[in-house]
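Residue-level structural notes
Here are the chains, one letter per residue:
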Amino acid sequence: MKKLLLHLHVEMEIPDDWELVEHSGAQVLKIGNRFVDFDIAPLATTSAAPDATWSDEDQELTETILDTVTGLDAQMEIVYTQ
């Protein structure tokens, strides 16, 4: 067995009314009356074409991949720019 380390770094420009809040002991993004957290969603395709359509529609494959996750850490920070 081998281990895959996946590092994701995402920057988003968000409206001023979105905010970070605590929800059930986790830091989440609050958008209006909805709470948003981020997770990984593996996308797959059977096409080798450059314009292939990628999706997570194959639930069995998605579950197989997600079953291999042994740890996940997500951190969010809002940086104010002028």
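Residues numbered from 1 in each chain as written. Predicted model: local features only at pLDDT ≥ 70, side-chain atom pairs only at ≥ 80, totals over all residues. Heavy atoms only, no water.

Let's shift gears to the overall build of the protein. Regarding its fold elements, the protein presents one helix and three strands. Going from N to C terminus, the protein has its helices and strands arranged as β-β-β-α. Overall, the protein is about 40 × 30 × 25 Å in size when its C-alpha atoms are taken along their principal axes. With 82 residues in all, the protein has 9% of them scored as buried. Contacts in the protein between residues at least 24 apart in sequence constitute 33% of all its contacts with a sequence separation of at least 6. Entry remark: accessible area of the protein is about 8100 Å², with carbon and sulfur atoms responsible for 51%. (Helix = DSSP H or I, 4+ residues; strand = E, 2+ residues; numbered from the N terminus. Buried < 20%, exposed > 50% of the residue type's maximum accessible area, 1.4 Å probe, protein only. Contact = heavy atoms within 4.5 Å. Areas by Shrake-Rupley, 256 points an atom, 1.4 Å probe, with all protein chains shown as cover.)

So, about a nonpolar patch on the surface. A cluster of nonpolar side chains, namely Leu4, Leu6, Leu8, Val10, Met12 and Phe38, defines an oily patch on the protein surface of about 690 Å² accessible area. Summarising the element assignment, Leu8 is placed in the segment before strand S1 (19-23). (Patch = residues over 30% accessible without salt bridge, like charges linked within 9 Å, V, L, I, M, F, W, Y side chains within 5 Å. Salt bridge = Lys/Arg side-chain N within 4 Å of Asp/Glu carboxyl O.)

Bringing the sheet that holds strand S2 (residues 26-31) into the picture now. Spatially, three strands are ordered S1-S2-S3 in an open sheet, and the strand pairing comes out antiparallel. Single-partner strands in this sheet number two, and they are S1 and strand S3 (34-36). Each adjacent strand pair in this sheet contributes to an overall mean axis angle of 50°, direction not counted. Relative to S2, S1 is paired through five bridges, and the arrangement is antiparallel. Residue Leu20 lies in a different strand from S2, and its bridge partner there is Leu29. (Pairing = 2+ DSSP bridges. Axes fitted to C-alpha atoms, helices over the stretch in contact; angles between N-to-C directions.)

Our next topic: the pairing of S2. Counted between consecutive antiparallel strands, the loop separating S1 from S2 contains two residues, among which Ser24 sits at a positive phi close to 55°. Both S2 and S3 contribute to a ladder of three bridges, which runs antiparallel. The residue bridging Lys30 from the neighbouring strand is Phe35, located in S3. Taking the residues that link successive antiparallel strands as the turn, the S2-S3 hairpin has two residues, and the phi of Gly32 there is positive, at about 65°.

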